[in-house]
Amino acid sequence: MTTPRPRALVAAALTLMVTVAGCAAQQSPIPRVTKMSLAIEVSQQRLTKLSTRSHELLSTLVVADRPGCSAAVGERGNVVWAGAAGLADLTASTPLTIETRFDIASVSKQFTATALLLLQRDGLLSLDDPLAAHVTGLPSWAQRVTLDQLMHHTARVPDFWVELERVGIGFAETADQSTVLRAIARERALDEGEGYAYSNSHYVLLAQVVENVSGQPFAVVVDDRIAAPLALTLTVAPSLQAPDLATPYDAELGELRGGWSAYGHSGVITTPSELVRWGDVYRTGNISPHDEVLNDPVLDAAAVLDDDGAPTGEMYGAGIRL
């Protein structure tokens, strides 16, 4: 008997299911083209109403002279509403717009996992491979930790930021990919316990696997294998500073410009509207019409299920919570 698996709830982009209505005449059928036109008109009326309410919500909740909010809603990968309010930069009083780009933080992990799955589909690696098969210079635990465990946050490799802080490298100091990899390599033991334990180190290591196996920089792989086929406007550029990039702030409105430039766990730069389009890949499973890379590996790959098919703990698929 096949064990049922929970499906993924994709938080990267919301999907708006639009109700399409049709009408029937009492005496004679309405011509087909008229029915379709009426259905489209009803849908557009509903979208206009929802768009107005969404803009009103943004203007109500977001203080005009504070860090802002940008949001987008899509239907089957098409952006049907996008809005922004507040400021992208407090010092320059730069308004936030729907074109303002963001470092999407841990949503970046979805692109790292997808790159890994594409290489598996190419036959260049297997998720069952030990990490040591693709990345050298790590402690003995790399011989038993698998790529699958890293992808699902069950490898229990300590998070690198703890080690960086221990040696005096704070968030504002410089730490590139090699610096972070050396910090991870100094962790002689895995965290105690079993099962799910979220760690950014897992995805830094996976990005290094992607580079070593492909022979290309990680940013090039993401651009060539994911962004270009989907015509997505995004880039891997951790610690980027640019006029159209939103400035991050803490709760006290202090700037949070970091010096860490490691990637894989974070560092993808894009907009909410582009994430709406990307999120539709989790519905179709396709990066191109003949490239069904995301179906089972991403949506069905849970951490641990009990005998009844229920999760025994928090589950994490390929860069996305399940």
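Rules and cut-offs
Residues numbered from 1 in each chain as written. Predicted model: local features only at pLDDT ≥ 70, side-chain atom pairs only at ≥ 80, totals over all residues. Heavy atoms only, no water. Helix = DSSP H or I, 4+ residues; strand = E, 2+ residues; numbered from the N terminus. Polar contact = N/O pair within 3.5 Å; in protein donor to acceptor, adjacent residues only side chain to side chain. Contact = heavy atoms within 4.5 Å. Pairing = 2+ DSSP bridges. Salt bridge = Lys/Arg side-chain N within 4 Å of Asp/Glu carboxyl O. Buried < 20%, exposed > 50% of the residue type's maximum accessible area, 1.4 Å probe, protein only.

The next point concerns the side chain of His 202. Of note, His 202 is situated in helix H6 (residues 200–214). A polar contact is formed between the side chain of His 202 and the backbone nitrogen of Val 157, at a distance of 3.1 Å. Contacts of His 202, omitting those with residues within four sequence positions, involve Leu 150, His 153, Thr 154, Ala 155, Arg 156, Val 157 and Ala 197.

Spatial strand order, E6-E8-E7: 3 strands in an open sheet with antiparallel pairing. Of all the strands in the sheet, just strand E6 (102–103) and strand E7 (235–236) have a single pairing partner and so form its edges. Of the pairings in the sheet, the one linking E7 to strand E8 (residues 268–270) comprises 2 bridges and is antiparallel in character. Looking at E8, one finds that Val 236 is bridged to Val 268.

To continue, consider the pattern of salt bridges. Applying the stated criterion to the full structure yields 8 salt bridges. Taking the shortest distance from any N to any O, the salt bridge between Arg 257 and Asp 89 comes out at 3.7 Å. Of the two residues, Arg 257 sits in the loop between E7 and E8 while Asp 89 sits in strand E4 (residues 87–89), which places them 168 residues apart along the sequence. Using a relative accessible area of 32% as the deciding quantity, one classes Arg 257 as partly exposed.

Before going further, it helps to spend a moment on the side chain of Glu 163. Structurally, Glu 163 can be placed in helix H4 (residues 160–166). Looking at Glu 163, the relative accessible area reads 6%, which means it is buried. Reaching out from Glu 163, the side chain makes a polar contact with the side chain of Arg 186 at a distance of 2.7 Å. What Glu 163 contacts, discounting residues up to four positions off in sequence, is Ala 183, Arg 186 and Glu 187.

Residue position: Leu 190 is located in the loop between helix H5 (177–185) and H6. With 45 residues separating them in the primary sequence, Leu 190 and Val 145 have C-alpha atoms 9.7 Å apart. Ignoring anything within four residues of it in the chain, the contact list for Leu 190 reads Trp 141, Arg 144, Val 145, Ala 155, Arg 156, Val 157 and Pro 158.

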